[in-house]
Amino acid sequence: MTADIPDLDRFEGIARRTVEDFPPPFRSAARDVLLRVTDWPTDEMLASLEIPEPTGLTGLYEGIPMTHKSVMDMAHEPDTVWLFREPILHEWRARGDVEIEDLIAHVTIHEFAHHFGWSDDEIATVAPWQY
């Protein structure tokens, strides 16, 4: 486990490199999604998901999955993937068995997979280690 704790800019850089490493069809579709990195989820996010502790939410996809979109849909807000630095750091410290860069990449992939229309169960079949 690395001792270097990344700041928000480094978190975002790791996440953006992860997206750039997606296979071409996924990378192209991911470019339409905003990527936001912040320290904590909002109270509204936690309440809407019924998550009592802010450390319980490491990432969030907000939007309409590609498999549910229609040309008739009028998007009021762009699809967004959120990464939450402090909850990710909390999990990294608690686990002690994964590099922080790998955990950031995993959360990034997981949230973008929701944009592509994958369920948590489907994501688990290609990313078997769960966070």
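Before reading on, note that the structure itself is shown above.
All of the points below concern the structure found in this document. (Residues numbered from 1 in each chain as written. Predicted model: local features only at pLDDT ≥ 70, side-chain atom pairs only at ≥ 80, totals over all residues. Heavy atoms only, no water.)

Spatially, the 3 strands line up as an open sheet ordered 1-3-2, and their pairing is mixed. The open sheet has two edge strands, strand 1 (34–38) and strand 2 (59–62), and neither has a second partner. The average undirected angle you get between the axes of adjacent strands in this sheet is 15 degrees. As paired elements, strand 2 and strand 3 (residues 80–84) share 4 bridges and run antiparallel to each other. Paired with E62 across the bridge in strand 3 is T80. Set on the sheet, helix 4 (residues 85–95) makes contact with strand 1 and strand 3; between it and strand 3 the angle comes to about 50 degrees. (Pairing = 2+ DSSP bridges. Helix = DSSP H or I, 4+ residues; strand = E, 2+ residues; numbered from the N terminus. Axes fitted to C-alpha atoms, helices over the stretch in contact; angles between N-to-C directions. Contact = heavy atoms within 4.5 Å.)

By the secondary structure assignment, R10 is in helix 1 (residues 8–20). Ignoring any residue separated from it by four or fewer positions in sequence, one finds R10 in contact with D4 and E101.

Moving on, we get to the pairing of strand 1. Where burial is concerned, the two faces of strand 1 differ: the one with L35 and V37 is buried and the one with L34, R36 and T38 is not. In the sheet, strand 1 pairs with strand 3 via 5 bridges, with the strands oriented parallel. Among the inter-strand pairings, T38 is bridged to a residue of strand 3, identified as F84. (Buried < 20%, exposed > 50% of the residue type's maximum accessible area, 1.4 Å probe, protein only.)

All right, on to the packing of aromatic side chains then. Counting across every chain of the model gives 2 aromatic pairs. Centroid distance F22 to F112: 5.7 Å. Interplanar angle 75 degrees. Geometry classified as edge-to-face. With F22 in the loop between helix 1 and helix 2 (24–30) and F112 in helix 5 (residues 100–115), this pair connects stretches of sequence that are 90 residues apart. For F22, a relative accessible area of 8% corresponds to the buried category. Given a relative accessible area of 1%, F112 falls into the buried group. Consider the rings of W82 and F84, whose centres lie 6.3 Å apart with planes at 10 degrees: the pair is stacked. A relative accessible area of 0% places F84 in the buried class. (Phe/Tyr/Trp six-rings, centres within 6.5 Å; stacked < 30°, edge-to-face > 60°.)

Any link to function would need more than the numbers given here.
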